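Letter by letter, the chains look like this.
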Amino acid sequence: MSSASLTILIADDNNTDRRILSAIVQQEGHKVVEATNGEEALERFNESVPDIILMDALMPKMNGFEASRLIKQRAGNQLVPIIFLTSLQDASSLANCLESGGDDFMSKPYNRVILKAKINAFGRMRRMHDQLQSHNRQMLLEQQVAKTVFDNVAHSGCLALPNLRHSLSPLAVFNGDTVLAERKPDGGISLFLGDFTGHGLPAAIGAMPVAEIFYGMTQKGFAMEDVLREINAKLYTILPTEVFCCGAMVDLDVTNKMARIWVGGVPSVYLYRGDSGAVEKVASSNLPLGVLPSRRFSPQPNDYRMHNGDRVFLWSDGIVESHNEAGELFGEERLDALFTHATDPDRIFDDILVAVDQFIGGSRPDDDTTLLSATMVDLDVIGLPLLHSNKASIGGPMDWQMNLQLGPQSLGAFNPLPLVLNILTEVEGLRSLSGHLYTVLAELFNNALEHGVLGLDSKLKQDSQGFAQYYQLREQRLADLTSGQVCLDISHRPLGNGGELTFEITDSGPGFAHSHQDLAYLTDNPDYSGRGLALVRRLCDELDFNDAGNRVRATLCWPRPAWSELHLNG
Amino acid sequence: MTADQPDQHLDDAALTDLRDLLEDDFSDLIETFLGDARERYTELVALNQHPEPDAQTVRGTAHSFKGSCLNVGVTRLAQLCRRLEEMANADQLDSVDSLLADIGTELTEVERLLRSQYL
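Everything numeric here is computed off the predicted structure, so don't read it as measured data.

Here we take up a negative patch on the surface. Negative charge collects at one region of the surface, where Asp17(B), Asp20(B), Glu23(B), Asp24(B) and Asp25(B) lie side by side. Secondary-structure assignment places Asp20(B) in helix H1 (residues 12-22).

Contacts between chain A and chain B engage 17 residues on the former and 20 residues on the latter. A buried area of about 1,700 Å², summed over both sides, lies between chain A and chain B, and 55% of it is on carbon and sulfur atoms. Three residues stand out in chain A for area buried against chain B, namely Thr16(A), Arg19(A) and Ile20(A), and they jointly supply 32% of the buried area on that side. Inspection of the region where chain A meets chain B yields 1 salt bridge. Our enumeration of links across chain A and chain B arrives at 8 residue pairs in polar contact (both at pLDDT 80 or more). Among the elements that line the side of chain A that touches chain B, the one with the most residues is helix H1 (residues 15-27) of chain A, at 8 residues. For the side of chain A that touches chain B, the residue count by class is 7 nonpolar, 5 polar and 5 charged.

How big an interface is tends to be stated in terms of the accessible area lost upon association of its parts. All names here are of chain A. Considered domain by domain, chain A is made up of domain 1 (7-132), domain 2 (154-382) and domain 3 (400-565). Residue-level contacts link 16 residues of domain 2 with 16 residues of domain 3. Each partner contributes to the roughly 1,300 Å² buried at the junction of domain 2 and domain 3, and carbon and sulfur atoms together form 61% of this total. A per-residue breakdown of the area domain 2 buries against domain 3 is headed by Pro185, Lys220 and Arg305, which together make up 37% of the total. Linking domain 2 with domain 3 are 0 salt bridges. The tally of links between domain 2 and domain 3 comes to 1 residue pair in polar contact (both at pLDDT 80 or more). Counting residues per element, the side of domain 2 that touches domain 3 draws most heavily on strand S13 (residues 302-305), which supplies 3 residues. Among the residues making up the side of domain 2 that touches domain 3, the classes are represented as 6 nonpolar, 4 polar and 6 charged.

What follows concerns the pattern of salt bridges. In this structure the tally under the stated criterion is 33 salt bridges over all chains. Across the pair Glu111(B) and Arg38(B) runs a salt bridge whose closest N-O atoms are separated by 3.1 Å. With Glu111(B) in helix H5 (residues 97-117) and Arg38(B) in helix H2 (residues 26-49), this pair connects stretches of sequence that are 73 residues apart. Residue Arg38(B) is classed as partly exposed on the basis of its relative accessible area, which comes to 33%. The salt bridge involving Arg115(B) is made with Glu111(B); its shortest N-O contact spans 3.1 Å. Here Glu111(B) and Arg115(B) lie together in helix H5, a separation of 4 residues that amounts to about one turn. Exposure remark for Arg115(B): the relative accessible area of 36% places this residue in the partly exposed category. One continuous salt-bridge network, built from bridges that share partners, spans Glu40(A), Glu43(A), Arg44(A) and Glu47(A).

Attention shifts here to the packing of H1(A) against helix H3 (residues 55-72) of chain B. Interaxial distance between H1(A) and H3(B) falls to 8 Å at its minimum, and their mutual angle equals 40 degrees. On the basis of the axis angle, H1(A) is oblique to H3(B). Relative to H3(B), H1(A) is oriented so that their crossing is left-handed. Note on element contacts: H3(B) touches H1(A) through Gly67(B), Ser68(B), Asn71(B) and Val72(B), opposite Thr16(A), Asp17(A) and Ile20(A). Here the residues of the contact of H1(A) with H3(B) are counted per class, giving 2 nonpolar, 4 polar and 1 charged.

This next bit is on the environment of Ala117(A). Residue and element names in this part refer to chain A. By the secondary structure assignment, Ala117 is in helix H5 (residues 112-153). For Ala117, a relative accessible area of 45% translates into the label partly exposed. Between the alpha carbons of Ala117 and Leu161 there is a distance of 66 Å; along the sequence they are 44 residues apart.

The next point concerns the pairing of strand S7 (residues 177-183) of chain A. Residue and element names in this part refer to chain A. Most of S7 is tucked away, with 7 of its 7 residues classed as buried. Side chains Asp177, Val179, Ala181 and Arg183 project from S7 onto one buried face, and the interleaved Thr178, Leu180 and Glu182 project onto a second face that is buried too. Alignment of S7 against strand S8 (residues 189-196), held across 7 bridges, turns out to be antiparallel. By the bridge assignment for S8, Thr178 is matched with Gly194. Hairpin remark: S7 followed by S8, antiparallel, with 5 residues in the connecting loop; positive phi at Gly187, about 100 degrees.

About the cut-offs
Within each chain, residue numbers correspond to sequence positions counted from 1 in written order. Here every chain gets a letter starting at A, and every ligand a number starting at 1, in the order they are written. At least 70 in pLDDT is required for a residue's local features to be given in this predicted model, at least 80 for side-chain atom pairs to be given and counted, and no such filter applies to totals for whole chains, interfaces and linings, which use all residues. Values reported for side chains reflect all heavy atoms of the structure, with hydrogen atoms and water molecules removed beforehand. Like charges are joined within 9 Å and nonpolar side chains (Val, Leu, Ile, Met, Phe, Trp, Tyr) within 5 Å, but only among residues with over 30% relative accessible area and no salt bridge; these make up the patches. Note that accessible areas follow from Shrake-Rupley with a 1.4 Å probe, and for residues the cover is restricted to the protein chains shown. Any Lys or Arg side-chain nitrogen found within 4 Å of a carboxyl oxygen on Asp or Glu counts as a salt bridge. For this count, His and the chain ends are skipped, Lys and Arg are scored as positive, and Asp and Glu as negative. In this description, the location of a charge corresponds to atom NZ of lysine, CZ of arginine, CG of aspartate or CD of glutamate. The secondary structure listing takes helices from DSSP runs of H or I that are at least 4 residues long and strands from runs of E that are at least 2 residues long, numbered from the N terminus. In what follows, residue pairs with any heavy atoms lying within 4.5 Å of each other are defined as contacts. Buried surface area refers to the total accessible area, computed with a probe of radius 1.4 Å, that the two partners give up upon joining, counted for both partners together. Any pair of N or O atoms that falls within 3.5 Å is considered a polar contact. Within protein, one atom must be able to donate a hydrogen and the other to accept it, and sequence-neighbouring residues count only if both atoms are side-chain atoms. Polar here means any residue other than Ala, Val, Leu, Ile, Met, Phe, Trp, Tyr, Cys and Pro, which are nonpolar, and Asp, Glu, Lys and Arg, which are charged; Gly is therefore polar. Residue ranges assigned to the domains are those given by an automatic or database domain assignment. To sort residues, take the accessible area from a 1.4 Å probe on protein chains only and compare it with the maximum for the residue type: under 20% means buried, over 50% means exposed, and anything in between is partly exposed. To define axes, lines are fitted to C-alpha atoms, for helices over the stretch in contact only, and angles between the resulting N-to-C directions are given on a 0 to 180 degree scale. When an angle is under 35 degrees it counts as roughly parallel; over 145 it counts as roughly antiparallel; between 65 and 115 it counts as roughly perpendicular; any other value is oblique. By convention the crossing between two helices is left-handed if the near helix lies anticlockwise of the far one by an angle smaller than a right angle, and right-handed if it lies clockwise. Here, any two strands with at least 2 DSSP bridges between them count as paired.

Next comes the structure, spelled out in structure tokens:
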């Protein structure tokens, strides 16, 4: 490598030696700055910022060792190679040159060939160091930009809701853990906790598509299984084999008081019962995301009845696997004890964080300790979601109607609600109502499917055993379904300064046995089909069943009065 | 190596190298060396006249003197300086009078040789 011109500080009190050195260095095309003692060397260093320093060890006023120490201190992160010039021969003196901050030494008399080679070598090292420094600065800058983009994508969603708590302790600018929460159109909450193998940039990159898919699909009302399938497929395609995402996903259905839980690779999700203080553990029964190809990935979440005040706790392995200075793991037993001895459920979350923190003590955490908890509450505690749409159409379609008929195979394989909701929100005036619309649509469609086509009795859902049985039956009957259908007729027309939307949902079932009863009774009786129908009636302007009870018609006009004027607790 | 032969006053190969390196500045360098050497010698004599010579200062001056002698290829003088440095280091300064005298004689001889052969 040809030697670029460097500025070289020569500090030597001996005029003869300095002149010889100076001549050698200048002959190589470098610029020379001279100093005759340590103090001068320090002054010259501050003025001229030399690339390399040739320093005599023994000098008056301030010797070379002291000057080197001060120069290295002042240089900070800058690499300023110092070559000691010495006629000292004993090993300990030479070692002292290096220990006091010198990078090399040269013995007198100077061998010009060796001196040139050393200057070139240190010049190269200096340039490489500068490049590294500049790369590092560039990298930090890029990380800042990437972090901004990342934060925009993996934004905090609805983590600020009063019934959610979370804690993320990043080990680097980026965190291998991801915590996401988003409202579902039906008012529920979807939670995701992900722990990527590794830390930093590679882990954060994977988190971006996860967040994008999670938010996009959850807002549109897709089921948990669909979201997980999509995330898995995406991660399987984009991540290298050794990188994958352990995770847990929980859907809180605040209307039907239910939690759907999927755990893949992270420690058991804890379900804490508010009244009894009992803990149910939902162990991981799935492979992490991004491991299996789509055709072999089949998420199997489980449903749990959740009363108000019941809580779920999700965490990455950072909690149980954090260890103290003695090398002991925090472990599940310590975690369980916190739940057993809890006197105030509201404090468990903080107790865990404090306990882990105290346990770790002075030792550095090895993994990201991430914790997320959610409490089951009523919808009025968290309100209906305000889902934002980025679609730019103005006005949108005003006069249209559509018909969708789903046969037995389609009913088992396809959830039409996200698709229908997408079409409805093309109407500008309906966009802000997507939460309402989903609730109405989901309630009426599920009634048609579960009671009409599948003939399930909602009375089953009254206790938690029956609740589980109900969903088991639903699954089974759906799988065995050979006949039956649900028809959705949806139309919209302009009305006044807004519009009028009509749903008509017809099922092939026999209708309700007690269809002669007063509608008010049907819709206000929570035993009949949960609290859903009562809510639907409040959200709609009109709600009628036909005499047979297998067709329901709901009409909804917009603009709507503000949500606060609809008294949920009526 | 010629530098290790105490009988040799000058290392001619080293001096020729220096002359090639410094070109027009060479004579200036030799003058500087001789001036400094004379100064150091005077300093050493003065230090030695002190009832209790400062061994550290003697050592430092001898060390530095030795260094520049080596650099300009003044071999035997360098050797004598090293001996003085070693004695100072061992705190044996009570018997250096003859060594100092040798240094003075050698310095005069070196100056004569340099002036006749290189200037």
